[in-house]
Amino acid sequence: MRVNGLDWSIIVGYFALTLLLAWWKGRGKQASTGSYFFAQKTLPWWVMGAAYVTAGMNTEQLVGMNGVAYTVGLPLVNWLYTTVLFVYSALIFIFFPVYLRNNIVTVPHYLGLRFDHRSENVFSLILLASYIFVNLAVVFYGGAKFLEVILGGSLFFWLIVLAIISGLVVVYGGMSSMVYASVLQFVLIFGAGLLLFVLAYLKLPNGWSDVVDHAPCGFHLFKPTDYPEIPWHAFVLTVLNLQLFYCCINQALVQRGFGGRTEWDVRMAIILAGFAVFFRPFVEVFPGMMARALAMTGHAQFAVGVTEGVSGSKMDLDSVLPNLVNNLIRPGFIGLMVVGILSSVMSTISALLNSISTLFTLDVYKKWIRPKASEKELVQVGVAATVVLMLFGVLYSPLIEHLGGIFKYFQTFAAYVAVPVATVYLFGLFWRRATPAAALAVMLGGIPLGLVIHWTIPMICSEPTIAQYNLNNQFIEAGICQFFCAILFVIISLATTPRPAEETVAYQWHWKYLWLPPGEPKRKFFASVPFWWTVFVLFYVFLVLYLW
């Protein structure tokens with residue numbers, strides 16, 4: 001093991017600082033659900049922006065995407081640069097205005113207000129299951145896997161450590177401690193990632209040209225429709241389901257905005273997070289591509305071989321990032337790198353534990369078990385739910401090693417969940433005629449429909465057609481599923497009765513949501529949301545065209 005005493009001191013110090021911050025910011029915040037789960041009306045824009053970024057940078061991105069980047073290359077950057085324009089703009093001007101102005105505190109709550117409690121309850125159960133079995137399990141496994149390769153010890157040991165530390169942060173500190181810890185984690189994550197990028201660059205004999213020369217299938221964002229891994233139309237189709245769900249309907253992320261001081265703070269937080277996306281490939285994608293260039297030029301020795309395809313060895317792909325650290329970082333500095341990666345792991349685990357306990361407490365316990373529970377009792381239930389989740393994460397996470405690896409496991413299961421939810425949300429926001437019966441049918445039938453499409457495509461399409469349009473790609477299947485979900489939604493809506501317009505109009509999008517609500521302070525032009533959103537859009541349009 002290449003870790004020395006200084007490295008261990010840095011790692012232990014990070015854990016101690018995280019717990020100290022949780023204690024400091026969590027004092028007196030367990031008196032009510034509002035302060036414990038949401039930190040209501042207390043968070044400035046820069047804190048929420050950092051929290052939104054770090055909550056979304058989990059080990060599926062850091063460990064999983066860097067592994068896949070070794071074999072796929074630049075197209076992975078599309079998940080960031082291409083989709084951020086659409087989904088972040090939707091979050092700024094569509095989703096958050098509707099959430100905030102209707103006092104929505106959990107994302108299933110919107111479906112209850114727009115349609116009925118049946119859809120809300122189904123979504124609550126789907127969301128809880130996906131968070132527990134997909135999101136939380138992936139982050140636990142990826143973080144423990146990284147620590148196992150770098151620091152030694154067993155996977156199970158590091159799962160226990162992560163569960164205890166992150167659980168204590170959530171149990172005592174609540175939302176307030178997590179979002180302020182995210183500012184520190186924001187700095188550490190990007191600092192560690194950029195350090196690794198620079199060190200890899202310096203070790204390449206010909207600099208960045210080696211990365212370009214050894215990039216799989218060329219150094220371009222978009223690949224043709226027959227590209228087996230991630231073709232260009234996969235991104236077009238997933239913007240309206242997987243990406244929309246992950247960024248705009250994901251309780252673990254959007255809950256960070258429910259504590260904003262003003263709606264201006266919330267919108268500016270997302271713009272800040274949008275600009276931070278520019279740096280994410282330097283942490284999540286380029287290190288994997290540089291690892292490939294280093295291996296191809298003989299300037300790095302990996303502890304395990306890496307296969308040429310995404311469908312190859314899951315262990316190998318998930319070991320790319322930790323093995324790159326082992327090749328580049330000297331003892332005495334490994335602790336700094338580990339702390340940077342740990343920041344992403346801890347922030348996401350804490351965010352998920354908080355969001356899952358929030359959903360269970362408010363959408364399950366309070367509704368179905370104890371409708372008259374006191375504020376103190378609800379907080380206690382949230383704490384108990386967090387403890388149970390910690391134990392489950394430790395026991396279930398190791399199974400991911402046998403289920404396709406981090407990236408494939410996460411994206412496959414997330415796509416099935418995202419399609420029906422995103423479809424119902426889009427119709428609910430933009431079509432007055434959308435009915436509760438249609439919403440319930442799509443929420444219940446969307447996941448089985450996705451499985452049917454997966455099994456049916458090989459039966460009705462020839463192999464050349466499947467290969468030419470990549471119809472067996474999980475993202476293409478998700479787009480096809482959404483098309484049929486939309487048809488089903490329209491047919492059932494036209495055949496059933498919608499709720500009275502006066503009951504649902506507040507939960508449908510309106511042009512007035514483009515502007516801040518009346519009564520918010522007037523700000524100068526250079527501090528306005530439209531100005532910074534325009535800069536944000538122009539920046540990414542230029543960037544995508546440059547990398548096309």
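What you are looking at is a predicted structure, and each value in this text was computed from that prediction instead of being measured.

**Student:** Sorry, what's going on with the overall build of the protein chain here?
**Tutor:** Per the secondary structure count, the protein chain includes 25 helices and zero strands. When the 548 residues of the protein chain are sorted by exposure, 59% land in the buried category. Taking as baseline every contact in the protein chain between residues at least 6 positions apart, the subset at least 24 positions apart corresponds to 85%. Accessible area of the protein chain: about 20800 Å², with a carbon and sulfur share of 70%.

**Student:** How should I be thinking about the nonpolar core in this particular structure?
**Tutor:** Nonpolar side chains in soluble globular proteins tend to end up buried together. Judged by nonpolar contacts, the single largest core of 173 residues is most densely connected at Tyr81, Tyr88, Phe95, Tyr99, Phe123, Ile249 and Tyr425. Not counting the four nearest positions on each side in its chain, Tyr88 is found in contact with Tyr52, Cys247, Ile270, Ala273, Gly274, Val277, Arg280 and Phe536. Counting five residues, the second-largest nonpolar core is a separate cluster that includes Leu362, Tyr365, Ala373 and Leu378.

**Student:** For this particular structure, what's the right way to read the layout of surface pockets?
**Tutor:** Empty space left among the atoms is revealed by rolling a probe the size of a water molecule over them. A volume near 370 Å³ is recorded for the second largest pocket. Around the second largest pocket sit 19 residues that line it, and Trp515, Leu516, Lys522, Val529 and Pro530 are the ones nearest its centre. Of all the elements in the fold, those that place two or more residues in the lining of the second largest pocket are α13 (263-276) and α25 (529-547). With four residues, the single largest contributor to the lining of the second largest pocket is α25.

**Student:** How do you make sense of the packing of aromatic side chains when you look at a structure like this?
**Tutor:** How two aromatic rings sit relative to each other is set out by the distance from centre to centre and by the angle between their planes. Inspection of every chain in the model, using the stated rule, returns 46 aromatic pairs. Judged by centre distance (5.8 Å) and plane angle (45 degrees), the rings of Phe197 and Trp208 are tilted. Pair noted here: Phe197 is in helix α8 (residues 155-203) and Trp208 is in helix α9 (residues 208-213), with a separation of eleven residues, a long-range link. We classify Phe197 as buried; its relative accessible area is 14%. For the ring pair Phe525 and Phe526, a centre distance of 5.3 Å and an interplane angle of 75 degrees mean the geometry is edge-to-face. For the pair Phe525 and Phe526, one class covers both residues: exposed.

**Student:** Explanation requested: α25 in the structure shown.
**Tutor:** Owing to its 3.6 residues per turn, the α-helix aligns residues three or four sequence positions apart on the same side. Here α25 spans 27 Å end to end across 19 residues, near enough to the 27 Å set by a 1.5 Å rise per residue. Along α25, the residues that are buried comprise Val529, Phe536, Tyr540, Leu543, Val544 and Leu547. For α25, the angular spread of buried residues about the axis comes to 95 degrees, placing them on one side. Looking at α25, the residues exposed on the side facing more than 90 degrees away from the buried face are Leu538, Phe542, Leu545 and Tyr546. Residues of α25 that are buried sit in contact with α5 (78-101) and α13. N-cap assignment for α25: the residue whose side-chain oxygen lies 3.4 Å from the backbone N of Phe531 is Ser528.

**Student:** Before we go on, may I ask you to explain the packing of helix α7 (residues 117-151) against helix α17 (residues 320-328) in this structure?
**Tutor:** Two quantities define a packed helix pair, namely the angle between the helix axes and the distance between the axes. Viewed as axis vectors pointing N to C, α7 and α17 meet at an angle of 30 degrees, and their least axial separation amounts to 9 Å. Judged on the interaxial angle alone, α17 and α7 are roughly parallel. Note that α7 runs across α17; the crossing there is right-handed. From α7, Phe146, Val149 and Ile150 reach across to α17, where they touch Leu321, Pro322, Asn323, Val325 and Asn326. Residues that form the contact of α7 with α17 fall into these classes: six nonpolar, two polar and no charged.

**Student:** What am I meant to see in the confidence of the model for the protein chain here?
**Tutor:** Any segment with low pLDDT has predicted coordinates that should not be analysed in fine detail. Averaged over all residues, the pLDDT of the protein chain equals 83, while 88% of them reach at least 70. Across residues 28-32, where pLDDT falls below 50, the model places ten contacts with residues more than four positions away in sequence or in other chains. In this model residues 303-315 is a low-confidence stretch, pLDDT under 50, and it forms 32 contacts with partners more than four residues away in sequence or in other chains.

**Student:** Would you take a moment to explain the environment of Leu352 for this structure?
**Tutor:** Looking at the element boundaries, Leu352 is found in helix α18 (residues 334-369). Put simply, Leu352 and Val139 are 213 residues apart on the chain and 9.3 Å apart in space, counted from C-alpha to C-alpha.

**Student:** So what exactly am I meant to see when it comes to a nonpolar patch on the surface here?
**Tutor:** The grouping of Phe156, Ile160, Ile164, Leu168 and Leu395 at the surface amounts to a nonpolar patch, some 470 Å² of accessible area in total. Summarising the element assignment, Leu168 is placed in helix α8. Since its relative accessible area comes to 44%, Leu168 is described here as partly exposed.

**Student:** Mind showing me how you'd approach the pattern of salt bridges here?
**Tutor:** Pairing between side chains of opposite charge can happen when the charged atoms of each approach one another. Evaluated as defined, the whole model comprises nine salt bridges. Two residues, Arg118 and Asp116, come together in a salt bridge whose shortest N-O distance is 2.8 Å. Judged by its relative accessible area of 43%, Arg118 is partly exposed. Given a relative accessible area of 17%, Asp116 falls into the buried group.

**Student:** Can you walk me through α17 in this structure?
**Tutor:** Counted residue by residue, α17 has seven buried out of nine residues, so it is predominantly covered. Every buried residue of α17 is listed here: Val320, Leu321, Pro322, Asn323, Leu324, Val325 and Leu328.

**Student:** For this particular structure, what's the right way to read unusual backbone geometry?
**Tutor:** Keep in mind that most residues, glycine aside, have a negative phi and that most peptide bonds are trans. With a phi close to 55 degrees, Asn103 is a non-glycine residue in the positive phi region. Positive phi, normally seen in glycine, also occurs at Asn470, with a value near 55 degrees. Here Asn470 shows up in the loop between α22 (463-469) and α23 (474-495). Residue classification places Asn470 among the buried positions, given a relative accessible area of 4%.

**Student:** Can you help me understand the packing of helix α21 (residues 436-460) against α23 in this one?
**Tutor:** Between α21 and α23, the shortest axis-to-axis distance is 9 Å and the interhelical angle comes to 145 degrees. The way α21 lies across α23 gives a crossing that is right-handed. Each of Ala437, Ala438, Ala439, Ala441, Val442, Gly446, Leu449, Gly450, Ile453, His454 and Ile457 in α21 lies in contact with α23, whose residues at this interface are Glu477, Ile480, Cys481, Phe484, Cys485, Leu488, Phe489, Ile492 and Ser493. Counted by class, the contact of α21 with α23 contains 15 nonpolar, four polar and one charged residues.

Thresholds, definitions, all that
Within every chain, residues take consecutive numbers counted from 1 along the sequence as written. Owing to the predicted nature of the model, reporting of local features is limited to residues with pLDDT of at least 70; listing and counting of side-chain atom pairs is limited to 80 or more, with chain, interface and lining totals taken over all residues. Hydrogens are left out, water is left out, and the side-chain values use all remaining heavy atoms of the structure. Segments assigned H or I by DSSP are reported as helices when at least four residues long, segments assigned E as strands when at least two residues long, and all are numbered from the N terminus. Exposure classes here rest on a 1.4 Å probe applied to the protein chains alone. A residue is buried below 20% of its type maximum, exposed above 50%, and partly exposed in between. Any pair of residues with heavy atoms lying within 4.5 Å of one another is described as a contacting pair. Values of accessible area rely on a 1.4 Å probe in the Shrake-Rupley scheme; residue burial ignores everything except the protein chains shown. Residues belong to one nonpolar core when they are buried, are Ala, Val, Leu, Ile, Met, Phe, Trp, Tyr or Cys, and are joined through side-chain atoms within 4.5 Å. Think of a 1 Å grid over the protein atoms and nothing else: a 1.4 Å probe that fits but is trapped marks a cavity, an open set flanked by protein within 12 Å on at least five of seven lines marks a pocket, and residues with an atom within 4 Å of a point count as lining. Grid points are joined across faces, edges and corners, and a volume is the space filled by probe spheres set on the points. Centres within 6.5 Å are what make two rings of Phe, Tyr or Trp a pair, Trp counting through its six-membered ring; a difference in plane orientation under 30 degrees is then read as stacked, over 60 as edge-to-face, and the rest as tilted. What a helix is expected to span follows from its residue count: subtract one and scale by 1.5 Å. To obtain the arc, one takes the directions from the helix axis to the C-beta atoms. Distance and chemistry together define a polar contact, namely a pair of N or O atoms within 3.5 Å, with one atom able to donate a hydrogen and the other to accept it when in protein, and with adjacent residues in sequence counting only for side-chain atoms on both sides. For helices, the fitted axis covers only the stretch in contact; all axes are lines through C-alpha atoms, and the angles between them, taken along N-to-C directions, range from 0 to 180 degrees. Angle categories: roughly parallel below 35 degrees, roughly antiparallel above 145, roughly perpendicular from 65 to 115, and oblique for all the rest. With the far helix as reference, a near helix turned anticlockwise by less than a right angle produces a left-handed crossing, and one turned clockwise produces a right-handed crossing. We call Asp, Glu, Lys and Arg charged. Ala, Val, Leu, Ile, Met, Phe, Trp, Tyr, Cys and Pro are nonpolar, and the rest, Gly among them, are polar. Scored from 0 to 100, pLDDT records how confident the predictor is in each individual residue. Patches here: salt-bridge-free residues with over 30% relative accessible area, like charges joined within 9 Å, nonpolar side chains (Val, Leu, Ile, Met, Phe, Trp, Tyr) joined within 5 Å. Each reported salt bridge corresponds to a side-chain nitrogen of Lys or Arg within 4 Å of a carboxyl oxygen of Asp or Glu.

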